[in-house]
Amino acid sequence: MLPESQKLIEKKRLKSLPELERPLTVRLKFRKIGSLQYISHLDLQRTFNRVIVRACLPVWYTKGFNPHAKLVFSTPLSVGAQSVCEYLDIRIDREMSCEEIKERLNGELTNELFITDAYIPKNDFSEIAWASYDMEIYTDGADDEMAKNAQALLTSSPLMLVKRTKSGEKEVDIIPMISSVSVSFDDERQTLKIKCVLSASSTEYLNPEMLITALKQNLGVMSGDPALEWYTIMRTDLMKKDMSEFK
Amino acid sequence: MNKQISTILKSVSKPGRYSGGEYGQIIKDKSKVKARFAFCFPDTYEIGMSNLGVRILYGVLNKEEDVWCERVYDPWIDMQEKMREHGLPLCACESGDPISEFDMIGFTLQYEMSYTNVLNMLELAGLPLYAKDRDDSMPIIIGGGPCAYNAEPVADFFDLFNIGEGEEMLPELCRLYIKMKDEGRYTKQAYLHEAARTIEGIYVPSFYDVTYNDDGTINAYTPIYDDIPKQVKKRIMTDMDKAYFPDKVVMPYIETVHDRVMLEVYRGCIRGCRFCQAGMIYRPVREKTPEVLNEQAKCLYQATGYDEISLTSLSISDYTQLEELTDMLLEWTNDNMVSLSLPSLRVDSFTKELMDKIATVRSSSLTFAPEAGTQRLRDVINKNVKEDDLLRAVNVAFEAGKNTVKLYFMSGLPTETYEDLKGIADLASHVIDAYYQCPTRNKGKKPQVTISVSCFIPKPFTPFQWEAQDTMEMLAEKQEYLGSQITDRKIRYTHHDARVSRIEAVLARGDRRLAPALALACKEGFAFDAWDECFDYDKWLSVLERCGIDPAFYANRAFGLDEVLPWDIIDCGVSKEFFLRERAKAYGERTTPNCREQCSGCGANKMGGERTCCPKAKN
Ligand code: SF4
C-alpha cells in the first residue's frame, strides 16, 4: 500500500502516463468469502467505488454532470453465499499493467475480499450459463442414508419450488436447472457435501439457496437448533453454455 | 466468525451489521495485550459507525500498544431475539469475543434516549446492571460524551464517567489500570479511588453521597473521601492542531448515516443560543489552522475513498478562516471529483459566492434554523438572526433556481405566546412571497417550504436549565394552533412527538432516583427509544409510576434558582453566574453579543486553549 501522503502525488503522476486511444476494459476476478458473504451486492458496488479511488488507478470516468467510474459486475451472489469466482469489469484510460492494477487494489482490500486475477476479457458476461457450487451442511440426522435421499430428491423431476421472479412468485420445477449434482456424507466432519452445477444465465438463474430449501422442506434438513446447525455455500466457477471456461 | 452464528446471520435483517471484517479494523495479538477495551455505541451499527468521536477515540486507544480497543453496537431487535433464544452474549466486532470478558467497557452517551440501550447492552453482555453488583473480576464500565455532563439518571450503573474530551483521559485510565494490575494492587475500589484522585475529569458517582430535602429537591453532594475533587472539572484538548486525528478509519461495507469524510474544523461555538447545550459545554472555541485541516482532509480522503468532505462544527460559517480553508480544499477536491458540504450554515452567511463555490450547497435542499417565529422570541433565545437575513438567504437560493426550503423551529420556548407561533406561519408565507417576487426564479416550479417544529427541552448547563417544559396538553394545543394557522398548501408542517420530548426532558434533568425506573425499563425490554417504532410513551409512564416517580417533577417544574442541581457536581467551564445573567437577559428580551464581538465573561477562558476567541484568564 502506498503511504497515505503519497496518494495525491501519485494521482497527479497518473496523469503523465500514456493515454489510451479508447477506454480499455480490464476484468478483475475476486473472491468474496467469510464475513463478506453478508454484504449485499449494492454495498459491494459502493465498496468498490471507494476502493478504486484509494488504489489510485487511471480509471475512466463518465463525462457529464455527475462523473463516475463505470463498474460492471457479473451475476450477483445472494447474501449468505461465498465465492472464489466473482468478476468485475473496470475501464482505464491510461496505460497500466493488469498485474499492477491487481496489486494496487489488493493493497486496499482484505483477505476476505481479494483480487485473484486481472486480465483483458475474452468473453462477455452474457455468455455465462452455468455456475458450480460446493455446499456443506451440518445438520441433525446427517448420514449416508440422508445423502442418498438428497441425491435422489435433487435428480428426480419434477421438484416444485416457489421461485421469486420479477413478475411475482411462481412454482417451478428446478430439476431442469440443475446440470449435475452429487451428494455425499463426510464421515469425519459429520456433514453432507454437495457438488453441483446450476443455471446461472441472466434469463435462467437458480439460486443455490433453493437446494437448501428443497432439502429443508422434503428431508427435514436444518430444522433443529439454528445455533448448532449450519450450512455454507461456495461458488467455485462460472462456465459458458458448453461448460467451457469463462474468461 | 464461527459457523454457528452464520445460520443466525442468514436469518436477520442487514447481517452486515454484525459480520465485521471491515477494511481498516484493528486486530491485535491477544497474548500481547494487557487491557482490552470494548467501545460501545448504544445504537445501531449504521449510526455508531458514523460518529466522529468514536473514530477518534478508537484510534487514540489503539495507539497504545498494549491496549486493544474494539467496537460494539447494539444489535437490532430481530438479532437480540435470536441472541436471547440461543444464549449468545454481546460480542465485540473485531475479535467476536464476549465483552463481559473485557477489562473495560466504555459507552458514549450522545443522547438521553439511548440510556435504555446502554442497559440493554449490559444485559445482553450478561453483566449485572448496577455498578455495586459487579465485582473485581468484571469490566470497569465507563461513560463519556455530552450526556455525561448530567449522567445522574444512569450514575448507579456506571463505575466512572469521563467529563469532557476523552482523547487524553481514556489512555490515562488504561495506563493506570495496567500499572495497578502489573503491580498486583488492583481492586476495583482502589482503582476508582486512584483514578478519581489523580486523573482530572474523572467522576466516580459512588464516591459522592447524595441527600435530599423533604420537597424532593437535592440537599447536598458529599464526597466520601477528602482527597477527591468536590466538583469535577471537565477536560479539554487545548491545542486542536495537536489533538489526535484518525488518519486511518474503519470502512463500513454497509451503508451508514454519514458515508463521507468528516472534518472537525473547530470545537465550541461563539454564539450562545440560550437553549443549546452543545454551545455551552464545548466552550471555549478552539480552531484548527487551515493548513492542518487541509492535510487532514487529504489524508482522510486517501484513506477512505469517500467522494464527499463534510466540514463539521456547530456553526461552520463562524470559522475565521473558512475562505482560506475552502480555497485550499477546492484546489484538489474538484480535480478528484470530491464535493464539499457545509452542513451547519447560518442564514446570515449564506451568500452567492459561497453557493457558487460549494457544489453541495447548490444541489442539496436548503435548511435554515431560525428557531423562533418572531424577533422578540429570537431575542429571548439569543438566536441573532433577523427575518431580513433569512429572506436574503432564500432569495439567493431562489435566484439560483431552487424552489424548496426547510426551516427548523422550536415550540414551547420560555415566554412563548401564540403570537410567536403565528410568527412561524407568517415567516413561512413571507418565504413563499419572496419566491414569487424573485424575478429570476424557476418559473416552471412552485415553491415548497417545510417547517419542522421540535419541542423545547430544558437542558443542563444552559441558561434555560431551570425552565419548566410545557405540559403535554400545552404542547399539543400549540401544535394544533400552529397547524390551523397554516392554510397554504405550499407550506408543509411537521412536528416532533411531544411525548418523546417529555421523556427526554425527564432524563436530561433527572437525578439518581431515576435508576430503578431505568432498571425496570430494561427488565421490560425497552430498547431503541430514539426510534419512533420502538418508543412507547404509555409504557414509560407506567414504569415511572411503578417506581414512584412523577415525570412532572423533572420535566414540567421550574427548578429553583438557588436549588442544588443534580449536575452541580460537574464544572463544565461555564459559570452558573453566567447562566443566571443570561437567563435574566432572556426575560428582559435582551441579546448577548457573540464571543467574537465581545466576551461576556462566561468563565470558559479559564480552561485555556489555542486559537480561541477568549481573553486570557488572569491567574
Ligand atoms: S470567556 Fe468570553 S469569549 Fe470565551 S467563551 Fe466565555 S464569553 Fe465567550
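Residues numbered from 1 in each chain as written. Chains lettered and ligands numbered in written order. Predicted model: local features only at pLDDT ≥ 70, side-chain atom pairs only at ≥ 80, totals over all residues. Heavy atoms only, no water.

**A short note on the overall build of chain B**
Then, number 1: Secondary structure assignment for chain B yields 21 helices and 19 strands.
Then, number 2: Relative to the compact-globule value of 25 Å for 619 residues, chain B shows a C-alpha radius of gyration of 25 Å, a close match.
Then, number 3: Within the span of chain B, comprising 619 residues, buried residues form 61% of the whole.
Then, number 4: About 23700 Å² of surface is accessible on chain B, with carbon and sulfur atoms providing 49% of the total.
Then, number 5: Within chain B, one finds 76 positive and 94 negative side-chain charges whose respective centroids are separated by 2 Å. (Helix = DSSP H or I, 4+ residues; strand = E, 2+ residues; numbered from the N terminus. Rg over C-alpha atoms; globule rule 2.2 N^0.38 Å. Buried < 20%, exposed > 50% of the residue type's maximum accessible area, 1.4 Å probe, protein only. Areas by Shrake-Rupley, 256 points an atom, 1.4 Å probe, with all protein chains shown as cover. Lys, Arg positive; Asp, Glu negative; His and termini not counted. Charge placed at Lys NZ, Arg CZ, Asp CG, Glu CD.)

**Observations concerning the packing of helix α9 (residues 290-304) of chain B against helix α10 (residues 322-333) of chain B**
Helix-helix packing is described using two parameters, namely the angle between the two axes and the distance between the axes.
All names here are of chain B.
Then, number 1: Direction vectors running N to C along α9 and α10 enclose 35°, while the axes themselves pass 9 Å from each other. α9 and α10 meet at a crossing whose hand is right-handed. For the pair formed by α9 and α10, the contact residues are Pro-290, Glu-291, Leu-293, Asn-294, Ala-297, Lys-298 and Tyr-301 on the first element and Glu-324, Leu-325, Met-328, Leu-329 and Trp-332 on the second.
Then, number 2: Per-class residue counts for the contact of α9 with α10 are eight nonpolar, one polar and three charged. (Axes fitted to C-alpha atoms, helices over the stretch in contact; angles between N-to-C directions. Left-handed = near helix turned anticlockwise from the far one by under 90°. Contact = heavy atoms within 4.5 Å. Nonpolar A, V, L, I, M, F, W, Y, C, P; charged D, E, K, R; others polar.)

**Considering the confidence of the model for chain B**
Then, number 1: Scored by pLDDT, chain B has a mean of 93; 98% of the residues are at 70 or more.
Then, number 2: Here the predicted complex carries an ipTM of 0.88, next to a pTM of 0.92. (pLDDT = per-residue confidence, 0-100.)

**A few points about the domain arrangement of chain A**
All names here are of chain A.
Then, number 1: Per the domain assignment, the segments making up chain A are domain 1 (4-121) and domain 2 (127-239).
Then, number 2: Taken together, the contact pairs 14 residues of domain 1 with twelve residues of domain 2.
Then, number 3: Surface buried jointly by domain 1 and domain 2 totals about 1000 Å² across both partners, of which 55% is contributed by carbon and sulfur atoms.
Then, number 4: Our count for the contact surface shared by domain 1 and domain 2 stands at one salt bridge.
Then, number 5: One salt bridge in this structure joins Glu-86 and Arg-235, with 2.9 Å as the shortest N-O distance.
Then, number 6: At the boundary of domain 1 and domain 2, one finds six residue pairs in polar contact (both at pLDDT 80 or more).
Then, number 7: The residue inventory of the side of domain 1 that touches domain 2, partitioned by class, reads eight nonpolar, five polar and one charged. (Domains from an automatic or database assignment. Buried area = accessible area lost by both parts, 1.4 Å probe. Salt bridge = Lys/Arg side-chain N within 4 Å of Asp/Glu carboxyl O. Polar contact = N/O pair within 3.5 Å; in protein donor to acceptor, adjacent residues only side chain to side chain.)

**Focus on the pairing of strand β13 (residues 308-312) of chain B**
All names here are of chain B.
Then, number 1: Most of β13 sits out of view: five of its five residues are buried.
Then, number 2: What you see with β13 is no split at all: Glu-308, Ser-310 and Thr-312 on one side and Ile-309 and Leu-311 on the other are buried throughout.
Then, number 3: The pairing of β13 with strand β14 (residues 339-341) spans three bridges and is classified as parallel. Within β14, the position partnered with Ser-310 by the bridge is Ser-341. (Pairing = 2+ DSSP bridges.)

**Some points on unusual backbone geometry**
Most peptide bonds adopt trans geometry, and most residues besides glycine take a negative phi value.
Then, number 1: The linkage connecting Ser-157 of chain A with the following residue, Pro-158 of chain A, adopts the cis geometry, with an omega of -5°.
Then, number 2: With respect to the helices, strands and loops of the structure, Pro-158 of chain A is situated in the loop between α4 (144-153) and β6 (160-165).
Then, number 3: Here the residue pair Arg-283 of chain B and Pro-284 of chain B is connected by a cis peptide bond, since its omega of -5° sits within 30 degrees of zero.
Then, number 4: For Pro-284 of chain B, the position within the fold is in the loop between α8 (278-281) and β12 (286-287).
Then, number 5: Despite not being glycine, Met-337 of chain B has its phi angle at roughly 55°, a positive value.
Then, number 6: Counting through the fold element by element, Met-337 of chain B comes out in the loop between α10 and β14.
Then, number 7: At Arg-611 of chain B, a position not held by glycine, the phi torsion is positive, near 45°.
Then, number 8: Relative to the elements of secondary structure, Arg-611 of chain B occurs in the segment after α21 (576-587).
Then, number 9: Residue classification places Arg-611 of chain B among the partly exposed residues on the basis of a relative accessible area of 29%.

**Considering the packing of helix α3 (residues 52-62) of chain B against helix α6 (residues 166-182) of chain B**
Residues and elements named next belong to chain B.
Then, number 1: One can describe the packing of α3 onto α6 by two numbers: an axis separation of 9 Å at closest approach and a directional angle of 40°. Like other packed secondary-structure pairs, α3 and α6 cross with a definite hand, here right-handed. For the pair α3 and α6, the contacting residues are Ile-56, Leu-57, Val-60 and Leu-61 in the first and Gly-166, Glu-167, Leu-170, Pro-171 and Cys-174 in the second.
Then, number 2: Residues that form the contact of α3 with α6 fall into these classes: seven nonpolar, one polar and one charged.

**Quick word on a negative patch on the surface**
Residue and element names in this part refer to chain A.
Then, number 1: A grouping of Asp-143, Asp-144, Glu-145, Asp-187 and Glu-188 is seen on the molecular surface, where their side chains present a negatively charged patch.
Then, number 2: Mapped onto the fold, Asp-143 is located in the loop between β5 (128-138) and α4.
Then, number 3: Residue classification places Asp-143 among the partly exposed residues on the basis of a relative accessible area of 33%. (Patch = residues over 30% accessible without salt bridge, like charges linked within 9 Å, V, L, I, M, F, W, Y side chains within 5 Å.)

**Comments concerning the pattern of salt bridges**
Then, number 1: Evaluated as defined, the whole model comprises 60 salt bridges over all chains.
Then, number 2: In this structure, Glu-136 of chain A and Arg-189 of chain A form a salt bridge, with 2.5 Å as the shortest nitrogen-oxygen distance. With a gap of 53 residues between them, Glu-136 of chain A in strand β5 and Arg-189 of chain A in the loop between β8 (178-186) and β9 (191-199) connect regions that are remote in the sequence.
Then, number 3: Exposure remark for Arg-189 of chain A: the relative accessible area of 39% places this residue in the partly exposed category.
Then, number 4: When the shortest N-O distance is used, the salt bridge between Arg-71 of chain B and Glu-22 of chain B registers 2.9 Å. Of this pair, Arg-71 of chain B sits in strand β2 (residues 67-73) while Glu-22 of chain B is found in the loop between α1 (3-9) and β1 (35-41), placing the two residues 49 residues apart along the sequence.
Then, number 5: Classification of Arg-71 of chain B by relative accessible area gives buried; the value is 2%.

**Re the interface of chain A and chain B**
Interface size is often expressed as the accessible area that is lost when the parts come together.
Then, number 1: Counting residues at the interface gives 37 residues for chain A and 34 residues for chain B.
Then, number 2: When chain A packs against chain B, the two sides together hide about 3100 Å² of surface, and 61% of this comes from carbon and sulfur.
Then, number 3: At the junction of chain A and chain B, the tally comes to one salt bridge.
Then, number 4: Residue Arg-46 of chain A pairs with Glu-255 of chain B through a salt bridge whose shortest N-O separation is 3.5 Å.
Then, number 5: There are seven residue pairs in polar contact (both at pLDDT 80 or more) connecting chain A and chain B.

**Digging into the nonpolar core**
Then, number 1: Counting 156 residues, the largest nonpolar core has Ile-90 and Leu-105 of chain A together with Ile-99, Phe-107, Phe-157, Phe-161 and Tyr-191 of chain B as the members making the most contacts within it.
Then, number 2: Counting residues per element, this core draws most heavily on α6 of chain B, which supplies eight residues.
Then, number 3: Residues within four places of Ile-99 of chain B in sequence aside, it is in contact with Ala-38, Cys-40, Val-72, Leu-90, Cys-91, Ala-92, Ile-105, Ala-125 and Pro-139 of chain B.
Then, number 4: Of all hydrophobic cores here, the second largest spans 66 residues; its members include Val-53 of chain A together with Val-249, Leu-329 and Val-338 of chain B. (Core = buried A, V, L, I, M, F, W, Y, C linked by side-chain atoms within 4.5 Å.)

**Remarks on the sheet that holds strand β5 (residues 160-162) of chain B**
Residue and element names in this part refer to chain B.
Then, number 1: Pairing within the open sheet is mixed, and its six strands lie in the order β2-β1-β3-β4-β5-β6. Looking at strand neighbours, the two that pair on one side only are β2 and β6 (202-203), the edges of this open sheet.
Then, number 2: Packed onto the sheet, α3 meets β1, β2 and β3 (104-108) and runs at close to 155° relative to β2.
Then, number 3: α6 contacts β1, β2, β3, β4 (140-144), β5 and β6 of the sheet and is inclined by roughly 145° relative to β1.

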